[in-house]
Each structure stands twice: as structure tokens, then as C-alpha cells.
Amino acid sequence: MRMYDLIKKKRDGEVLSEEEIRWFIEGYTDGRIPDYQAAAMCMAIYFRGMDNAEISALTLAVKDSGETLDFSEIEGIRVDKHSTGGVGDKTSLVIGPIAAACGVKVAKISGRGLGHTGGTVDKLESIKGLRTDLYKSEFIDQVNRIGLAIIGQSADIAPADKKLYALRDVTATVDSLPLITSSIMGKKLAAGDDCIVLDVKCGSGSFNKTVEDGERLAAVMVDIGKRAEKKMLAVLSDMDKPLGRAIGNSLEVIEAIETLKGGGPEDFRELCIDLAAYMIELAGKGDTEECRAMAREAISSGKALALLEDMVEAQGGDPRWIRHPSLFPKSLYSYEVPSPADGWIYRVDAEQYGMASLALGAGRNTKEESIDYTAGIVLAKKTGDRVAKGETLATLYTTEKQGNIGQAEKIFLTATDIRTEAPEEQPLIIKVIR
Ligand code: URA
């Protein structure tokens, strides 16, 4: 087989066989196929799409690119949730500890920042010394010991996704249904979870711009999970505005810690309670209302926060940063964006808020680029809020890219639509697919 022929076949809209898809994934994982050919294939998939059999073959090939965890290795019911990606989406840092505090096992494989969205692995690595590259044996041992571990795709587990994910991030090939499905479900199947909650984001800050796009993605992922005998639940949630107020790695970890302490922005806290409740419910611990009450209690009792501390310590980070977030390094520069007008924040382009955060240094332009963990945005005003001319809309933070503050401000203001009328309120959870 030649990679050239497979790229051409997909470029011309033909269907790839299971054997061809496996050959591509195996060859890219072991380095025989170079980045430029894999990037061309991702672009061909982006434009031509894949049928369900191809998506399924791609997902299984990603899963099989490394080791898989089997049911006997972790004691108890393993439940995971995975988001399709959004701006300010730090839910995993809150619901992982909540679910674990409620007695389910959370063995989570997350990703780094992707396109304009942030990633849990980058957020966690803003805690100095914290390792997200545990070996399989360390990962299993930690989950059995404390109930929770969050790692990235590694040389052991889903290595094909590790490489493809980094490549897609910098080649404008993220928002493709087959690539998102195989990335998310390949990781989930490799982790051998029993139950999976999918948080499918819909709206301007998501890769699914419409609810219909989100529904299609949810249906394909749920179908793949069910065929692998997983208990599946998908939530379609609003990503027309960023989640919470913080966008950017350490800023988001600090907001997640505040939420586990019982504070945090209301929209973010309530979504976390709901998602954690669905995880606990899928594990068979009660009905949705009972599980919501358990999730709230895990926060009010401090158990979930203690679990995050335990996880940080187990993975080599300093747990004192969790009790005392003032220990996180501060950005060198900050700038308050004044409102150009009186009115209401009518709507925002959340993707562009993500782009403004990238301009400040919170994400990558090339695979090799490092991240400024202190960079990002904290919103003072969100959609539906009233604002006076000159009042602060948001604070921009950066250490590495002081010169980009002007550019970030411009992107931010262009993405903020201020009008003399208030917008209609939108529900955060659009739909639950059981
Ligand atoms: N999350 C993932 O893990 N992969 C994607 O492609 C998108 C979101």
C-alpha cells in the first residue's frame, strides 16, 4: 500500500476499506508515515467526510494503536465524561473529583488544547510538576487507590490520537465529524470505561455550530459506544458563550478550584452538577435527582476538593496549590478592556474569544510551540449582562505576548455585540439523549 494512493482515494471522495484505515493509523503511529501525508489525509477526510463503517474502523484503529485497559484491572464501575470541546470548558477538573467522591472510578484520558478550544491536559500541566503521561500501570494503580486519574494520550494508550490531535490542532482539521468521533471514542474505548457521558457542545464556541451538527455527532458517538457495549448518555449543551468566566489554562484551574470550594460562576457550577449527576446515575447509584444531591454534597462536604488534591499529589504536583490558588504564578501583564458603549451584551462569538486567548499565548500555533499558562481572559461581563460605556468587559492576561494585547483586545471587541436591548435567555442544557 502507498499513502499517496490512500490520500488520493479519499481526496476523490472514495470510501477507504478497514484494512486501508488500519494501515494508515498504524503507519502514522509508528512513524513510517510522515506528518505531511497524515495532514493531507486529515484534510481529505475534512472535505470528503466518511461513512459510518469508515468512522467505526478509524475509531477502532485509534483505540488499538496502543494498549487498552480491560475490565479486570480497575475495581468498581468506571465512568467517564468527555466534551467535544469549548471555550472556558474546565468541567473535567470539577466533575472528575465529584464523581470519584461519590464512589465511581474515573480513569480519564483527556486532550490538550485543540483549535480555539482549551484542553484538560494543558490546564492540569499549569500545576508545576504535575505529570499527565503516566504509564498504564501507574494509571491503573492510581485509579484503584484514590478513584481518579486524568492523563493525556500516551505512548501506551491511544498514541495515534496523541499524534493526530497535535497535527489537527495546527492544520485546521479539527472540526470534522469523523476525526472528532475517532479521537474521542478511540480514547474512551482504550480506557475501557463502562459508562460514558458525552458533553456535546453546540454554538459559536464549539466545533458544532448548530444543534443539528451536535445531534449528528452525538448520534454517531453514542452508536459506536453502544456497539462496544458501553452505557452511553449524551448531553447537548450551549457553547454560544464561554463557560464560566475564565478562559486560559491556570485561570481555568483556579476557577475550577473555586467551584469545588462551593463558589465559582453559577452557569459553570450547575453544568458540573448535572454532568456529574449523569455520571453517577449511569454507574447505578440512584436516579438523576438523587445523584444531583450526591454531587452537591460532594462539594459541600469538601470531599471532591480533597480528591482533586489527592490526584494532583499522586501525579507529582504540589497539592498546596489547590488549597491556596494564590500560589499559581501570575501573568506579568494585564489589561482591562473598557466597554465601547452602553447597553446589554447581546451575543458574543465564543470562538473568537478563544482566538483572543490564543493570541495572548494560551494555545499553540505550531506543534512545537510552548504555552503561556498564565495567559487568557477573565470575563467581567457575559451575554445578558448590562454594561455602561467605559466599564470593564474583561481582563486580558499574558506573560509572553505583551505585544499581542492590542490584537487580542481587537478580536475580543469585534466578537462582542452590545445592543440597546437585552437578549433572550438560553438554557445551558439543550437536550439529553439517553
Ligand atoms: N476532544 C477530543 O478528544 N478530540 C476531538 O477531536 C475534539 C474534542
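Residues numbered from 1 in each chain as written. Predicted model: local features only at pLDDT ≥ 70, side-chain atom pairs only at ≥ 80, totals over all residues. Heavy atoms only, no water.

Considering the nonpolar core
Then step 1. Ranked by size, the top nonpolar core spans 74 residues in total, and within it Ile98, Ile127, Ile377 and Phe412 carry the most contacts.
Then step 2. Ranked by the residues each element gives to this core, the list is headed by helix 12 (residues 266–282), at 11 residues.
Then step 3. Residues in contact with Phe412, not counting those within four places in the same chain, are Val337, Tyr353, Ala356, Ile377, Leu379, Leu393 and Ala394.
Then step 4. Formed by 46 residues, the second largest nonpolar core is a distinct cluster that contains Ile45, Ile55, Leu198 and Val222. (Core = buried A, V, L, I, M, F, W, Y, C linked by side-chain atoms within 4.5 Å. Buried < 20%, exposed > 50% of the residue type's maximum accessible area, 1.4 Å probe, protein only. Helix = DSSP H or I, 4+ residues; strand = E, 2+ residues; numbered from the N terminus. Contact = heavy atoms within 4.5 Å.)

Focus on the sheet that holds strand 7 (residues 333–338)
Then step 1. Reading across from one edge, 6-9-11-7 is the order of the four strands in this open sheet, with antiparallel pairing throughout. The open sheet has two edge strands with one neighbour each: strand 6 (246–247) and strand 7.
Then step 2. With four bridges joining them, strand 9 (residues 376–379) and strand 11 (residues 392–398) adopt antiparallel strand pairing. Note that in strand 11 the partner of Ile377 across the bridge is Leu396.
Then step 3. Docked against the sheet, helix 16 (residues 350–362) engages strand 6, strand 9 and strand 11, running at close to 135 degrees with respect to strand 9. (Pairing = 2+ DSSP bridges. Axes fitted to C-alpha atoms, helices over the stretch in contact; angles between N-to-C directions.)

Describing the pattern of salt bridges
Then step 1. Scanning the model with the defined rule gives 38 salt bridges in all.
Then step 2. For Asp80, the salt bridge identified is with Lys188, shortest N-O distance 2.5 Å. Separated by 108 residues along the polypeptide, Asp80 in strand 1 (residues 79–83) and Lys188 in helix 9 (residues 177–190) bring together distant segments of the chain.
Then step 3. On the basis of relative accessibility, which here comes to 0%, the residue Lys188 falls in the buried class.
Then step 4. Linked by salt bridges that have partners in common, Glu18, Arg22, Lys63 and Asp64 make up one network. (Salt bridge = Lys/Arg side-chain N within 4 Å of Asp/Glu carboxyl O.)

Brief notes about the site of the ligand
Then step 1. In the neighbourhood of the ligand, the contacting residues comprise His82, Ser83, Thr84, Leu114, Tyr165, Arg168, Ile180, Ser183, Ile184 and Lys187.
Then step 2. One of the side-chain N or O atoms of Arg168 is found 2.9 Å from an oxygen atom in the ligand.
Then step 3. Lys187 has a polar side-chain atom sitting 2.6 Å from an oxygen atom of the ligand.
Then step 4. For the ligand, the accessible surface in isolation is 240 Å², of which the surrounding protein chains cover 96%.
Then step 5. Elements with a contribution of two residues or more to the shell around the ligand: strand 1, helix 8 (159–169) and helix 9.
Then step 6. Ranked by residues supplied to the shell around the ligand, first place goes to helix 9 with four residues.
Then step 7. Looking at the shell around the ligand, its residues break down into four nonpolar, four polar and two charged. (Near = heavy atom within 4 Å. Polar contact = N/O pair within 3.5 Å; in protein donor to acceptor, adjacent residues only side chain to side chain. Areas by Shrake-Rupley, 256 points an atom, 1.4 Å probe, with all protein chains shown as cover. Nonpolar A, V, L, I, M, F, W, Y, C, P; charged D, E, K, R; others polar.)

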